[in-house]
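Spelled out, the chains give:
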Amino acid sequence: MKSNPNIYRLLYAGFTLFGIYKLATLNYGEAAMHLGIALAFDPFDQTITWKARPLWQRAWLVVHLALCAGALGFEIGMNDK
């Protein structure tokens, strides 16, 4: 079954925007969850290997992952008593 790349882009954008909204409302745990789910829907051509991708695509995904990890860190740190 062939996947539709437009659906992946739409899901990626939706989960990313919702994650950013959750960051803005200081719900770090939910933000980390939505940003992490967004990474499952790679918006770029998935047939290209990681090393063959342009630098800007790799940087985009690494920054996205760092944002997700940062939100998770904030969630853990803010609830540490």
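Residues numbered from 1 in each chain as written. Predicted model: local features only at pLDDT ≥ 70, side-chain atom pairs only at ≥ 80, totals over all residues. Heavy atoms only, no water.

Peer 1: Quick question: what am I supposed to make of the packing of helix H1 (residues 5–24) against helix H3 (residues 55–78) here?
Peer 2: Look at H1 against H3: their axes get within 12 Å of each other, and the N-to-C directions meet at 40°. Between H1 and H3, the angle falls in the class oblique. When you trace H1 past H3, the crossing you get is left-handed. Residues Tyr12, Thr16 and Leu23 of H1 pack against Trp60, His64, Leu67 and Ala71 of H3. A breakdown of the residues in the contact of H1 with H3 according to their chemical character gives five nonpolar, two polar and no charged. (Axes fitted to C-alpha atoms, helices over the stretch in contact; angles between N-to-C directions. Helix = DSSP H or I, 4+ residues; strand = E, 2+ residues; numbered from the N terminus. Parallel < 35°, antiparallel > 145°, perpendicular 65-115°, else oblique. Left-handed = near helix turned anticlockwise from the far one by under 90°. Contact = heavy atoms within 4.5 Å. Nonpolar A, V, L, I, M, F, W, Y, C, P; charged D, E, K, R; others polar.)

Peer 1: Can you help me understand the pattern of salt bridges in this one?
Peer 2: As a working rule, side chains carrying opposite charge can pair if their charged atoms are close by. The tally for this structure, following the rule as stated, stands at two salt bridges. For Lys22, the salt bridge is made with Glu30, and the minimal N-O distance between the two is 3.0 Å. On the accessibility criterion, Lys22 (12% relative accessible area) is buried. A relative accessible area of 35% means that Glu30 is categorised as partly exposed. In this structure, Asp42 engages Arg53 in a salt bridge whose closest nitrogen and oxygen atoms are separated by 2.5 Å. Here the residue Asp42 occupies a position in the loop between helix H2 (28–40) and H3, and Arg53 occupies one in the loop between H2 and H3, the gap between them amounting to 11 residues. (Salt bridge = Lys/Arg side-chain N within 4 Å of Asp/Glu carboxyl O. Buried < 20%, exposed > 50% of the residue type's maximum accessible area, 1.4 Å probe, protein only.)

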